[in-house]
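# Geometric and topological summary
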Amino acid sequence: SAVISQKPSRDICQRGTSLTIQCQVDSQVTMMFWYRQQPGQSLTLIATANQGSEATYESGFVIDKFPISRPNLTFSTLTVSNMSPEDSSIYLCSVVSQEYTEAFFGQGTRLTVV
Amino acid sequence: QKEVEQNSGPLSVPEGAIASLNCTYSDRVSQSFFWYRQYSGKSPELIMSIYSNGDKEDGRFTAQLNKASQYVSLLIRDSQPSDSATYLCAVSGNNRLAFGKGNQVVVIP
């Protein structure tokens, strides 16, 4: 199993500002994933953070809006840039076991943009 | 067609009854299938994984997989109020997990 520490757990931000979310894993993992979960909705994959290369973004998400860093095999950050109220959501980081037998989630970051 | 579909609306079941949830997926080469439980305001937690056709039982939970029909289901026996949550179906493929929209289950005491 993997233990993921994600912070901040919640924040209230002004529109136009940026927030960086951090995710620390207690073991080395190849890929880390960032999801968004809007109120009442399921998880939508934003991007896959790869160590040593640029993140891979899903359709509808771009690097300028959601820059990701992956400096090593245990850490990643997601920045939500130039925020608007539509970015209010829960953001989750996740890792999977090597055989894809299980996915583990951080505690989530509840973001409110006012 | 969405990758993973969970079409049922909120499910209300009496305490002690069986809750049945269904999920279909579009990618035939998917190999791993998961059911997650998510309480309001919390992260998803894995409750069942299944990889081969047939049934897999774990306590009060049974997952059923039918790769030919591309569906996976979850049965919750002897439902308890603590089972009230949203249940997410997830399917692995292309080096990532795809999630369904989830089904809310409400167990009525």
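Residues numbered from 1 in each chain as written. Chains lettered and ligands numbered in written order. Predicted model: local features only at pLDDT ≥ 70, side-chain atom pairs only at ≥ 80, totals over all residues. Heavy atoms only, no water.

### A look at the overall build of chain A
Looking only at helices and strands, one finds zero helices and eleven strands in chain A. For chain A, the α and β elements follow one another from N to C terminus as β-β-β-β-β-β-β-β-β-β-β. For 114 residues, the compact-globule formula gives about 13 Å, and the C-alpha radius of gyration of chain A, at 13 Å, lands near that figure. If one aligns the C-alpha atoms of chain A with their principal axes, the spans along those axes are about 40 × 25 × 25 Å. Buried positions account for 51% of the 114 residues belonging to chain A. (Helix = DSSP H or I, 4+ residues; strand = E, 2+ residues; numbered from the N terminus. Rg over C-alpha atoms; globule rule 2.2 N^0.38 Å. Buried < 20%, exposed > 50% of the residue type's maximum accessible area, 1.4 Å probe, protein only.)

### Looking at the overall build of chain B
Each helix and strand counted, chain B has zero helices and eleven strands in total. Ordered by position from the N terminus, the helices and strands of chain B form the series β-β-β-β-β-β-β-β-β-β-β. Its C-alpha radius of gyration of 13 Å places chain B within 12% of the 13 Å reference for a compact globule of 109 residues. Principal-axis analysis of the C-alpha atoms gives chain B an extent of 40 × 30 × 20 Å. Counting all 109 residues of chain B, 44% fall into the buried class. Considering only contacts within chain B whose residues lie at least 6 apart along the sequence, 52% involve residues at least 24 apart. By element, 46% of the accessible surface of chain B is carried by carbon and sulfur atoms, the whole surface being about 5,200 Å². (Contact = heavy atoms within 4.5 Å. Areas by Shrake-Rupley, 256 points an atom, 1.4 Å probe, with all protein chains shown as cover.)

### Points about the sheet that holds strand β7 (residues 61-66) of chain B
All names here are of chain B. Pairing in this open sheet of five strands is antiparallel, and the strands run β1-β3-β8-β7-β6 from one edge to the other. Of all strands in the sheet, those with a lone pairing partner are β1 (4-5) and β6 (54-58), marking the two edges. Pairing analysis gives six bridges linking strand β3 (residues 19-25) to strand β8 (residues 71-76), with the strands arranged antiparallel. Considered in β8, the bridge of S20 is made with L75. (Pairing = 2+ DSSP bridges.)

### What about the interface of chain B and chain A?
On the chain A side, the residues contacting the 19 residues of chain B number 20 residues. Contact with chain A buries surface across chain B, with N95, R96 and F99 of chain B losing the most and accounting together for 31% of the total. At the boundary of chain B with chain A, the tally comes to six residue pairs in polar contact (both at pLDDT 80 or more). Listed by contribution, the elements that provide at least two residues to the side of chain B that touches chain A are β4 (33-38), β5 (45-50), β9 (85-93) and β10 (96-99) of chain B. Split by residue class, the side of chain B that touches chain A holds eight nonpolar, nine polar and two charged. (Buried area = accessible area lost by both parts, 1.4 Å probe. Polar contact = N/O pair within 3.5 Å; in protein donor to acceptor, adjacent residues only side chain to side chain. Nonpolar A, V, L, I, M, F, W, Y, C, P; charged D, E, K, R; others polar.)

### Notes on the state of the cysteines
Residues and elements named next belong to chain A. On inspection of all chains with the given rule, the structure shows two disulfides over all chains. Disulfide partner of C23: C93, at an S-S distance of 1.9 Å. As the torsion about the S-S bond is roughly 70 degrees, the C23-C93 disulfide counts as right-handed. In this pair, C23 sits in strand β3 (residues 19-25) while C93 sits in strand β9 (residues 89-96), placing the two residues 70 residues apart along the sequence. For the residue pair C23 and C93, the accessibility class agrees, reading buried in each case. We note that C13 lacks a disulfide partner, and the nearest cysteine sulfur, in C93, lies 17 Å from it. (Disulfide = S-S within 2.5 Å.)

### Comments concerning empty space enclosed by the protein
The rolling of a water-molecule-sized probe over the atoms marks out the regions of remaining empty space. Residue and element names in this part refer to chain B. Scanning the entire structure with this criterion turns up one cavity of 30 Å³ or more. By volume, the largest cavity is sized at about 80 Å³. Taken together, 13 residues make up the lining of the largest cavity; nearest its centre are E3, D27, S30, V91 and A98. Those elements that place two or more of their residues in the lining of the largest cavity are β9 and β10. By residue class, the composition of the lining of the largest cavity is five nonpolar, five polar and three charged. (1 Å grid on protein atoms, 1.4 Å probe; cavity = no way out; pocket = protein on both sides within 12 Å on 5 of 7 lines; lining within 4 Å. Points joined across faces, edges and corners; volume = space filled by probe spheres on them.)

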